[in-house]
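# Overview (structure and organization)
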Amino acid sequence: MLRVEAAQADLLSVLDDLKQIQTRLSDENKKLIADQESLSRDLADLQAERNATISPVDTVILKTYETLRKQRRGLAVAEVSENACRACGTTLNAALQQSARHATELVYCPSCGRILYAG
Ligand SMILES: [Zn+2]
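Residues numbered from 1 in each chain as written. Predicted model: local features only at pLDDT ≥ 70, side-chain atom pairs only at ≥ 80, totals over all residues. Heavy atoms only, no water.

Turning to the layout of surface pockets, a few remarks are in order. One number sums up the size of the largest pocket: a volume of about 180 Å³. As for the largest pocket, its lining consists of R50, I54, V57, I61, L62, Y65, R69, V77, L106 and I115. Per element, the largest residue contribution to the lining of the largest pocket is four residues, and it comes from helix α2 (residues 59-71). In the lining of the largest pocket, the residues fall into eight nonpolar, no polar and two charged. (1 Å grid on protein atoms, 1.4 Å probe; cavity = no way out; pocket = protein on both sides within 12 Å on 5 of 7 lines; lining within 4 Å. Points joined across faces, edges and corners; volume = space filled by probe spheres on them. Helix = DSSP H or I, 4+ residues; strand = E, 2+ residues; numbered from the N terminus. Nonpolar A, V, L, I, M, F, W, Y, C, P; charged D, E, K, R; others polar.)

Have a look at this one:
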């Protein structure tokens, strides 16, 4: 009889643990669903912002940018910082830096091929 009572007590304890775990999982699931909804809204906002930003950009330049972005692991543009390409670290000569600063056409890093810009 004692073994049956002990087994029942164990069963109740396990069922209590299971209920706590189910409650915790349910709470975490609700939080993840809320996070997913928030991230989906952010993504839609960012996509709309991106579309508005790229609409005035020349289609040839945009295609070049998109191609470079795919080839260069998501980073198509590099800042000129301390006389070098910030993406690859290659030192840039003065003429290239000047072109990046005042260019009317795209200027590319001679080493990594990314589009250079200088503020
Ligand atoms: Zn570079």
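Having put the structure on the table, let's press on.
You can read the domains of the protein chain as domain 1 (1-56) and domain 2 (59-117). Each of domain 1 and domain 2 has a C-alpha centre, and these two points are 43 Å apart. (Domains from an automatic or database assignment.)

As a further point, take the coordination of the zinc ion. Looking at the zinc ion, the protein donor atoms are C85 (SG), C88 (SG), C109 (SG) and C112 (SG), and they sit 2.3 Å from it. Around the zinc ion sit four donor atoms, and with donor-metal-donor angles ranging over 103 to 117° the site reads as tetrahedral. Mapped onto the sequence, the residues coordinating the zinc ion show the spacing C-x2-C-x20-C-x2-C. Placement of C88 in the loop between β2 (84-85) and α3 (94-102) and of C112 in the loop between α3 and β3 (115-117) is noted, with a sequence separation of 24 residues between them. With relative accessibility at 33%, the residue C88 sits in the partly exposed group. (Donors = N, O, S within 2.8 Å, 3.2 Å for Na, K, Ca; no water. Tetrahedral: all angles 85-135°; square planar, octahedral: opposite > 155°, others 65-115°. Buried < 20%, exposed > 50% of the residue type's maximum accessible area, 1.4 Å probe, protein only.)

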